[in-house]
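Examination of the molecular architecture
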Amino acid sequence: AVVSTQSTGIQKLGFPAKFVEFKIQNMVGSCDVKFPIRLEGLFAQHGQFSNYEPELFPGLIYRMVKPKVVLLIFVSGKVVLTGAKDRKDIQEAFCSIYPILKNFRKK
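Here is a short report on the structure shown in this document.

What counts, and where the lines are drawn
- Residues numbered from 1 in each chain as written.
- Predicted model: local features only at pLDDT ≥ 70, side-chain atom pairs only at ≥ 80, totals over all residues.
- Heavy atoms only, no water.
- Helix = DSSP H or I, 4+ residues; strand = E, 2+ residues; numbered from the N terminus.
- Expected span 1.5 Å × (residues − 1).
- Bend = angle between axes of the 7 residues up to and from the residue.
- Contact = heavy atoms within 4.5 Å.
- Patch = residues over 30% accessible without salt bridge, like charges linked within 9 Å, V, L, I, M, F, W, Y side chains within 5 Å.
- Areas by Shrake-Rupley, 256 points an atom, 1.4 Å probe, with all protein chains shown as cover.
- Salt bridge = Lys/Arg side-chain N within 4 Å of Asp/Glu carboxyl O.
- Lys, Arg positive; Asp, Glu negative; His and termini not counted.
- Charge placed at Lys NZ, Arg CZ, Asp CG, Glu CD.
- Polar contact = N/O pair within 3.5 Å; in protein donor to acceptor, adjacent residues only side chain to side chain.
- Pairing = 2+ DSSP bridges.
- Axes fitted to C-alpha atoms, helices over the stretch in contact; angles between N-to-C directions.

Things to note about helix α3 (residues 87-103)
- For α3, which comprises 17 residues, the first-to-last C-alpha distance of 25 Å matches the rise-based estimate of 24 Å (1.5 Å per residue) to within 8%.
- At Ile97, α3 shows its maximal bend, which comes to roughly 30°, and the proline Pro99 appears one to four places after that position.
- Its buried side turned inward, α3 meets β1 (27-32), α2 (39-45), β3 (60-64), β4 (69-73) and β5 (78-84).

Pasting the structure below:
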């Protein structure tokens, strides 16, 4: 939908535009797990996959290997998933991380 809208907009300016070959490079998803997360504990136990420097960025950066997706996890319970090539990767990444996040739920 976005591609055809952009193509149509460019055509209205008088340029012959067509999107012939394109592919999805990056999909982004976001959600709220509805509970706060102990990022320090998550980082302590999953340091090989994550980076957490709260003085530089308020979220924990979790680099999942399979699927190859990067998750930005915030204390509030908000999660942003990025780097996926398709929707299935986002779903699979969330299903993998959710049980882990439940273990680090703030009491």
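Quick notes on a positive patch on the surface
- Together, Arg38, Lys102, Arg105 and Lys107 line one region of the surface with positive charge.
- Tracing the backbone shows Lys107 in the segment after α3.

Focus: the environment of Tyr62
- Along the chain, the position of Tyr62 falls in strand β3.
- C-alpha separation for the pair Tyr62 and Ile10, spaced 52 residues apart in sequence, amounts to 38 Å.
- Leave out the neighbours within four places in its chain, and Tyr62 touches His46, Phe49, Ser50, Val69, Val70, Leu71, Ile73, Ile97 and Ile100.
- Looking at Tyr62, its side chain comes within polar contact range of the side chain of His46, at 3.3 Å.

A look at the sheet that holds β5
- If you trace the five strands from one edge of the open sheet to the other, you get β1-β5-β4-β3-β2, paired in antiparallel fashion. The sheet is open, and its two borders are formed by β1 and β2 (50-51), each paired with just one other strand.
- Pairing between β2 and β3: two bridges, direction antiparallel. Bridge pairing links Asn51 to Ile61 in β3.
- Across the sheet, α3 is in contact with β1, β3, β4 and β5; its angle to β5 comes to roughly 140°.

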